[in-house]
Amino acid sequence: MKNTTEYNETFLQGLRDGLPVFLGYFSISIAFGLLSLSSGFSLYEAILMSMIVFAGASQFMAVQMAASGAGTVEIVISTLLVNLRHIIMSSSIKEKIASGPIPPFVIAFGVTDETFSLGSLKKGTLPNRYFFGIEFVSWSGWVLGTVVGVLFGGIIPPLVSTSLGIGLYAMFVVLLVLGVGRSFRALIVALISGGINTLLQHLGLAGGLSIVCAMLGGAFAALFILKEEEGAHE
Amino acid sequence: MSEGVILIIAMMAVTYIPRLLPFVFLDSERLHPKVRLFLRAIPFAALGALILPGGITAVENSIPVSVAGLVVAALAAIKSRNLLLSVFASVLVVALLLYLRDKGFFFIG
């Protein structure tokens, strides 16, 4: 029977390992905060959205749609389409997370591209509280950045906010490099998926849909490319 | 309840339910090996799709600077194997390139 100190350490370790996501989210959500204000949302609505939706791409899309006059139904349908990929991510990472004190309905809330990527590529089973730590610190960054964005966004120098735009993509690249390791085949899978996504978007497919198709296409191709032991470890 | 709050709650529902369903309904023990390999390949496929083509235009108005940022991230990752350091290096290089560009040092923008 594990003692409380060990549990707390695991959670703290998750908080620490999730810091890169905190930073990336913090920068991007500042931009979200600003954008939502200029699209006609109130301070509280912007913060509420970040707190309970917690999905960057769809949030940006929603405020931009609202600004161009789209109706609630259209925005909700688009949000659903863009966020369908979370089914795949939850299915994938669910196997890796050990059962524990944090209930599934809580763990599920924090599955995002970034927490998923970070968690998936860590070797071995993830302790329940550890992954929750990653999710919690990520969520905190997202919400705090939104708060800063709606309150202070106007005074951040453009050079700073533009440079930070690379942050999240840099994180994806690093995760991919570290996760691929020496497996050239895993890199090929990523390139195939990136290629499919680029092609589909070039053909005019909406971002949310193209990402889902690319992920599925790449993973399917992986069945013929990867050897059994090369997938992200459980 | 304002129209905005209704929208936000609806967005939450359509975002949270896809995240939750697999945790509630999927029994991973009985999955076919090929299905498991498929699911374990998803992280690589996801990262590939997330990086391309989005990362190429991550920095507004400059594809070359964005690509430079991604390349620096990759090289830093290979060298340091450290996530935070590599991301920081990438942001720093991008900031530097943008600063030089805006000061007129070169026309890569």
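For the structure, see preceding data.
These lines cover the structure that appears in this document, whether it is placed above or below. Predicted model, so just to flag it, every value in this text is computed and none were measured. (Residues numbered from 1 in each chain as written. Chains lettered and ligands numbered in written order. Predicted model: local features only at pLDDT ≥ 70, side-chain atom pairs only at ≥ 80, totals over all residues. Heavy atoms only, no water.)

**Re the overall build of chain B**
Filter applied, for reference: For the purposes of this entry, the term helix denotes a DSSP run of H or I that reaches at least four residues, the term strand denotes a run of E that reaches at least two, and both are numbered from the N terminus. For a compact globule the rule gives 2.2 Å times the number of residues to the power 0.38, and the radius of gyration it is set against comes from C-alpha atoms.
Across its full length, chain B holds 4 helices and 0 strands. Along chain B, helices (α) and strands (β) appear in the sequence α-α-α-α when read from the amino end. Here chain B has a C-alpha radius of gyration of 21 Å; the compact-globule value for 109 residues is 13 Å, and the former is much larger. Overall size of chain B, expressed as C-alpha extent along the three principal axes, is 60 × 50 × 20 Å.

**Side note on unusual backbone geometry**
Counted only if it meets this: For the exposure calls, accessible area comes from a 1.4 Å probe over protein chains only, and a residue counts as buried if that area is under 20% of its type's maximum, exposed if over 50%, partly exposed in between.
With an omega dihedral of -5°, the bond running from B:Leu52 to B:Pro53 counts as a cis peptide bond. Checked against the element boundaries, B:Pro53 lands in the loop between helix 2 (33–51) and helix 3 (63–80). We note that A:Phe54 has phi near 55°; this positive angle belongs to a residue other than glycine. The phi angle at B:Arg81 is positive, at roughly 55°, despite the residue not being glycine. Structurally, B:Arg81 is set in the loop between helix 3 and helix 4 (83–102). A relative accessible area of 48% means that B:Arg81 is categorised as partly exposed.

**Observations concerning the packing of helix 2 (residues 19–38) of chain A against helix 4 (residues 56–67) of chain A**
Residue and element names in this part refer to chain A. Our working definition: To obtain an axis, a line is fitted to C-alpha atoms, over the contacting stretch when the element is a helix, and the angle between two such axes runs from 0 to 180 degrees between their N-to-C directions. Reported orientations rely on four angle classes, namely roughly parallel under 35 degrees, roughly antiparallel over 145, roughly perpendicular from 65 to 115, and oblique for the rest. Working rule for handedness: look at the near helix, and if it is turned counterclockwise from the far one by less than a right angle, call the crossing left-handed; if clockwise, right-handed. Whether two residues are in contact is decided by their heavy atoms, any of which lying within 4.5 Å being enough. The nonpolar class holds Ala, Val, Leu, Ile, Met, Phe, Trp, Tyr, Cys and Pro. Asp, Glu, Lys and Arg form the charged class, and all remaining residues, Gly among them, are polar.
With their axes 10 Å apart at the nearest point, helix 2 and helix 4 run at an angle of 15° to one another. As the angle between them shows, helix 2 and helix 4 are arranged roughly parallel. As for how helix 2 packs across helix 4, the hand of that crossing is left-handed. Each of Ile28, Ala31, Phe32, Leu35 and Ser36 in helix 2 lies in contact with helix 4, whose residues at this interface are Gln59, Phe60, Val63 and Gln64. Class assignment for the residues of the contact of helix 2 with helix 4 results in 6 nonpolar, 3 polar and no charged.

**Focus on the pattern of salt bridges**
Residue and element names in this part refer to chain A. Using the following cut-off: By convention in these notes, a salt bridge is any Lys or Arg side-chain nitrogen within 4 Å of a carboxyl oxygen on Asp or Glu.
This structure, assessed with the given rule, holds 4 salt bridges over all chains. Of the charged contacts in the structure, one is a salt bridge between Arg16 and Asp17, with a shortest N-O distance of 3.8 Å. Judged by relative accessible area, which is 17%, Asp17 ranks as buried.

**A word on the layout of surface pockets**
Residue and element names in this part refer to chain A. Our working definition: Detection works on a 1 Å grid of protein atoms alone, calling trapped sets that fit a 1.4 Å probe cavities and calling open sets with protein on both sides within 12 Å along at least five of seven lines pockets, with lining residues defined by an atom within 4 Å of a point. Grid points are joined across faces, edges and corners, and a volume is the space filled by probe spheres set on the points.
Taken as a whole, the largest pocket encloses approximately 1,400 Å³ of empty space. Taken together, 46 residues form the lining of the largest pocket, with Ile28, Ala57, Phe60, Leu168 and Tyr169 sitting closest to its centre. Taken together, the residues of the lining of the largest pocket break down into 25 nonpolar, 16 polar and 5 charged.

**Some remarks on the interface of chain A and chain B**
Stated precisely, the cut-off is as follows: The buried area of a pairing is the accessible area, by a 1.4 Å probe, that goes missing from both parts when the two are put together, added over both.
Across the contact, 89 residues belong to chain A and 65 residues belong to chain B. At the boundary of chain A with chain B, total buried surface from both sides reaches about 6,800 Å², with 77% on carbon and sulfur atoms. Interface area lost by chain A to chain B is led by A:Lys94, A:Ile166 and A:Leu223, which between them contribute 10%. Inspection of the region where chain A meets chain B yields 0 salt bridges.

**Thoughts on the nonpolar core**
Operational definition: Here, nonpolar core refers to any group of buried Ala, Val, Leu, Ile, Met, Phe, Trp, Tyr and Cys residues whose side-chain atoms link them within 4.5 Å.
One finds A:Met171 and A:Met215 to be the most contacted residues of the largest nonpolar core, which totals 72 residues. Sorting elements by how many residues they give to this core places helix 2 of chain B first, with 12 residues. Residues within four places of A:Met171 in sequence aside, it is in contact with A:Pro20, A:Val21, A:Glu114, B:Leu83 and B:Val87. Formed by 17 residues, the second largest nonpolar core is a distinct cluster that contains A:Ala62, A:Val63, A:Met65 and A:Val150.

**A short note on the environment of A:Asp17**
Residue and element names in this part refer to chain A. By the element assignment, Asp17 lies in helix 1 (residues 4–17). Here the alpha-carbon distance between Asp17 and Arg185, two residues 168 residues apart in the chain, equals 27 Å. Beyond its immediate chain neighbours, meaning those up to four positions away, Asp17 contacts Leu118, Lys122 and Tyr130.

**Brief notes about helix 4 of chain B**
Put simply, the rule reads: By this rule the span expected of a helix is its residue count minus one, scaled by 1.5 Å. Of all possible arcs, the one meant is that of the directions from the helix axis to the C-beta atoms.
Over its 20 residues, helix 4 of chain B extends 29 Å from the first C-alpha to the last, a length consistent with the 28 Å expected when each residue adds 1.5 Å. Of the positions making up helix 4 of chain B, those classed as buried are B:Leu83, B:Ser86, B:Val87, B:Ser90, B:Val91, B:Val94, B:Leu97, B:Leu98 and B:Arg101. When helix 4 of chain B is viewed along its axis, its buried side chains cluster within an angular range of 135° and face the same direction. Turned more than 90 degrees away from the buried face of helix 4 of chain B, the exposed residues are B:Leu85, B:Phe88 and B:Leu96. Where helix 4 of chain B is buried, its residues touch helix 2, helix 8 (113–120), helix 10 (158–164) and helix 11 (167–180) of chain A together with helix 3 of chain B.

**Focus on the packing of aromatic side chains**
Note the following rule: Pairing of aromatic side chains here covers Phe, Tyr and the six-membered ring of Trp, requires ring centres within 6.5 Å, and sorts the geometry by plane angle: under 30 degrees stacked, over 60 edge-to-face, intermediate tilted.
Following the criterion strictly, the structure yields 13 aromatic pairs over all chains and no others. Linked through ring pairs, A:Tyr25, A:Phe32, A:Phe54, A:Phe60, A:Phe109, A:Trp142 and B:Tyr16 together constitute an aromatic cluster.

**Focus: the side chain of A:Ser117**
Inspection of the secondary structure assignment puts A:Ser117 in helix 8. Apart from residues no more than four positions distant in its own chain, A:Ser117 is found in contact with A:Phe172, A:Leu175 and B:Leu47.

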